[in-house]
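This is what each chain is made of:
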Amino acid sequence: MTNPITSTLDAGQQKIAGDALQGTVVDLIDLSLIAKQAHWNVIGKNFRSVHLELDELVTAAREFTDQAAERATAIGVSPDGRAATVSSTAGTKGFGAGWTQDSEVVPAVVDNIAAVVERLRGRIADTGEADPVTQDLLIGITARLEQLHWMWQAQAS
């Protein structure tokens, strides 16, 4: 099928922004899945607070996923959030199976958020000239994820 959505960006700009947005979509989908897996399996003395904070992370990741995917669509790039794409291209650290102590969940979440932020910062640099609108979106997502990263780190201290 030919592309039914045209872009105001030229082909080069569209490719740079589209690649950045696609990478962001898969990273955020995986982050939301990791947080949900942890949410269902966390145990320990801080269960309730960690359990609830994981839902906050899931909500943020899902909202950001939708924003990145809709931005991709707006510039004529079809986002791919299929499970196979996510599992083969996400840059997260992952999360194990089974019951997990809250004291293990917290550093795992910190590491996964940090991995996503690191890749986002590269995409921010990549999109600055090609598409400042996409760059602005990525900056906003990164700012919130860095805030969540700090809050999760504070629990480990």
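The protein carries the name DNA starvation/stationary phase protection protein in an unreviewed UniProt entry, which gives Rhodococcus ruber as its organism. In its Sequence similarities (unreviewed entry) section, UniProt records this for the protein: "Belongs to the Dps family."

Draft legend 1. Structural detail: the packing of helix H1 (residues 11–41) against helix H2 (residues 47–74). Packing of H1 against H2 brings their axes to within 8 Å, and their N-to-C directions diverge by 160°. One finds that H1 runs roughly antiparallel with respect to H2. The chirality of how H1 crosses H2 is left-handed. Of the residues that constitute the contact of H1 with H2, the class distribution is 15 nonpolar, five polar and four charged.

Draft legend 2. Structural detail: the pattern of salt bridges. Here the structure, examined in full by the defined rule, presents eight salt bridges. The partner of aspartate 27 in a salt bridge is arginine 119, and the shortest N-O contact between them spans 2.7 Å. Of the two residues, aspartate 27 is situated in helix H1 and arginine 119 in helix H4 (residues 102–130); the sequence distance between them amounts to 92 residues. By relative accessible area, which is 0% here, aspartate 27 ends up buried. Note that aspartate 131 and arginine 71 form a salt bridge whose closest N and O atoms lie 2.8 Å from each other.

Draft legend 3. Here's a closer look at the nonpolar core. Counting residues in each nonpolar core, the largest one holds 40 residues, and the members touching the most others are Leu31, Leu54, Leu57, Ile113, Leu145 and Trp152. Leaving out residues up to four positions away in the same chain, isoleucine 113 has contacts with Leu31, Leu57, Leu145, Leu148, His149 and Trp152.

Parameters and conventions
- Residues numbered from 1 in each chain as written.
- Predicted model: local features only at pLDDT ≥ 70, side-chain atom pairs only at ≥ 80, totals over all residues.
- Heavy atoms only, no water.
- UniProt positions renumbered as here; feature names shortened; annotations may be inferred.
- Axes fitted to C-alpha atoms, helices over the stretch in contact; angles between N-to-C directions.
- Helix = DSSP H or I, 4+ residues; strand = E, 2+ residues; numbered from the N terminus.
- Parallel < 35°, antiparallel > 145°, perpendicular 65-115°, else oblique.
- Left-handed = near helix turned anticlockwise from the far one by under 90°.
- Nonpolar A, V, L, I, M, F, W, Y, C, P; charged D, E, K, R; others polar.
- Salt bridge = Lys/Arg side-chain N within 4 Å of Asp/Glu carboxyl O.
- Buried < 20%, exposed > 50% of the residue type's maximum accessible area, 1.4 Å probe, protein only.
- Core = buried A, V, L, I, M, F, W, Y, C linked by side-chain atoms within 4.5 Å.
- Contact = heavy atoms within 4.5 Å.

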